[in-house]
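# Breakdown of the fold
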Amino acid sequence: MNAIEVKHLSKQYVIAKRQEGMWGAIRSLFHREYITKTAVEDVSFSIEAGEMVGYIGPNGAGKSTTIKMLTGILVPTSGEVRVGGLVPYKERQKNARQIGVVFGQRSQLWWDLPTIESFELLKEVYHISDRRYRRNMDTFTEILKLDEFFQTPVRQLSLGQRMRADIAASLLHDPSILFLDEPTIGLDVVAKERMRTFIQEMNKERGITVILTTHDMSDIEKLCKRMILIDKGRVMYDGGLEKIKEHFGTSRILIVDVEKDISLNIEGVEVIREEGIRKWLRFNREEYTAAQLIQQISEKTEIIDISLQEPEIDSIIRQMYEQGL
């Protein structure tokens, strides 16, 4: 069963054209010209219940516009969209009860209230039973350590604390679908890891469908098996991360500690970094296997330690944009 169905979805904005200079401003009072800007164009995809999908692209690609149409905030210009069987912009209240949303730079909490009071207000807004509220609060508090700042007004929370509170608030009413727009933006390494662990647990234990938009490729790599790549309002790629790595990630890095600090000149292999006896060697896996490269190094010097580094997903995405699909 598909949790989300999107067919030929498009969104256009009609914007007044700005005239230059004073006379241009006066002319626009009597005769205004308009231009049409396309934010999303003919986007189609489906997401199964319980799936976790990365929805990525550069700034202005149409990610947030798509999410806003899926949540019912925006009305599409054309195309069809169904979330949990509902048309979001036609059935906003019903849709709001089955989805959770976290916008990294906006909060659904009340700024001047202690954090716990925001949760209690959301309990009333969503008509959550006492039993379900206590169960969820106990679970979220244990994993996210919310009790550290329950009595702190939301405006005084650190960014990491606010994001933990926001994601808990988005799941308080047990939604089946969760939209995460930049959920780890501005967080330190520890806070990011805690957030990712929480998202994974909610997806695994409760079967929540997750759509994640982010500029942090490590979020995608650690959380999602599938990626939808959008650029200039159109879907460029929809498929598995492993397939992308196989096609674009042919470059690998072998990190080797050798007994003697010698030059490792091997045809077709680039030494990209050296720190004494530790060397970083980049090679193409279609030309060399790691075993073959290790064999050639061992013929030159004794190997003390060795590790293999796979290409990072952000460098692969950059390569996709530069070379095209």
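Residues numbered from 1 in each chain as written. Predicted model: local features only at pLDDT ≥ 70, side-chain atom pairs only at ≥ 80, totals over all residues. Heavy atoms only, no water.

With that out of the way, let us pick up the nonpolar core. In terms of nonpolar packing, the biggest core is built from 47 residues, with Phe119, Leu146 and Ile167 touching the most fellow members. Among residues more than four places away in sequence, those in contact with Leu146 are Phe119, Met137, Phe140, Thr141, Arg164, Ala165 and Ala168. Judged by nonpolar contacts, the second largest core, of 24 residues, contains Ile4, Met69, Leu74 and Ile211. (Core = buried A, V, L, I, M, F, W, Y, C linked by side-chain atoms within 4.5 Å. Buried < 20%, exposed > 50% of the residue type's maximum accessible area, 1.4 Å probe, protein only. Contact = heavy atoms within 4.5 Å.)

Phi at Asp174 takes a positive value of approximately 55 degrees, unusual for a residue other than glycine. Inspection of the secondary structure puts Asp174 in the loop between α6 (159-170) and β6 (177-181). By relative accessible area, Asp174 is classed as partly exposed at 25%. Positioned with a positive phi, Glu182 is a non-glycine residue whose angle comes to about 55 degrees. (Helix = DSSP H or I, 4+ residues; strand = E, 2+ residues; numbered from the N terminus.)

Pairing of strand β10 (residues 251-258) with strand β12 (residues 278-284) involves seven bridges; the strand directions are antiparallel. Of the residues in β12, the one forming a bridge with Ser251 is Asn284. The sheet contact formed by strand β11 (residues 270-275) and β12 spans five bridges and is antiparallel. Note on β12: the bridge partner recorded for Glu275 is Arg278. With antiparallel pairing between neighbouring strands as the criterion, β11 and β12 make up a hairpin whose turn holds two residues, including Gly276 at a positive phi of roughly 65 degrees. (Pairing = 2+ DSSP bridges.)

Among the nine residues of helix α2 (residues 63-71), seven are classified as buried, and the element is accordingly described as predominantly covered. Within α2 the residues assigned to the buried category are Lys63, Thr65, Thr66, Ile67, Met69, Leu70 and Thr71. Just beyond α2, the residue with positive phi is Gly72, at close to 95 degrees.

Further remarks concern the domain arrangement of the protein. Along its sequence, the protein is carved into domain 1 (2-9 + 43-245) and domain 2 (250-315). On a C-alpha basis, the centroid separation for the pair domain 1 and domain 2 is 41 Å. (Domains from an automatic or database assignment.)

Summarising the element assignment, Thr65 is placed in helix α2. The residues contacting Thr65, other than those within four sequence positions of it, are Lys11, Tyr13, Ala39, Val40 and Leu74.

Let us look at the packing of α6 against helix α7 (residues 189-206). Packed helices, taken two at a time, are described by the angle their axes make and the gap between the axes. It is the contact of α6 with α7, at a shortest axis distance of 11 Å, that shows an interaxial angle of 10 degrees. By the angle between their axes, α6 is roughly parallel relative to α7. Residues Met163, Arg164 and Ile167 of α6 form the contact with α7, whose own contacting residues are Arg194, Met195, Phe198 and Ile199. Split into classes, the residues belonging to the contact of α6 with α7 amount to five nonpolar, no polar and two charged. (Axes fitted to C-alpha atoms, helices over the stretch in contact; angles between N-to-C directions. Parallel < 35°, antiparallel > 145°, perpendicular 65-115°, else oblique. Nonpolar A, V, L, I, M, F, W, Y, C, P; charged D, E, K, R; others polar.)

With that settled, the discussion passes to the pattern of salt bridges. Per the counting criterion, the structure on display carries 18 salt bridges. Residues Arg135 and Asp174 are paired through a salt bridge, measuring 2.7 Å at the closest nitrogen-oxygen approach. Here Arg135, found in helix α5 (residues 130-144), pairs with Asp174, found in the loop between α6 and β6; they are 39 residues apart in sequence, far enough to count as distant. It is possible to trace a salt-bridge network through shared partners that takes in Arg132, Arg135, Asp174 and Arg206. (Salt bridge = Lys/Arg side-chain N within 4 Å of Asp/Glu carboxyl O.)

Read from one edge of the open sheet, three strands run β2-β1-β4, paired in antiparallel fashion. Of all strands in the sheet, those bounded by a partner on one side alone are β2 (34-48) and β4 (78-83). Going across the sheet, the axis of each strand differs from the next one's by a mean of 25 degrees, ignoring polarity. In this sheet, β4 lies alongside strand β1 (residues 2-16) in antiparallel orientation, the contact comprising five bridges. Within β4, the position partnered with Glu5 by the bridge is Arg82.

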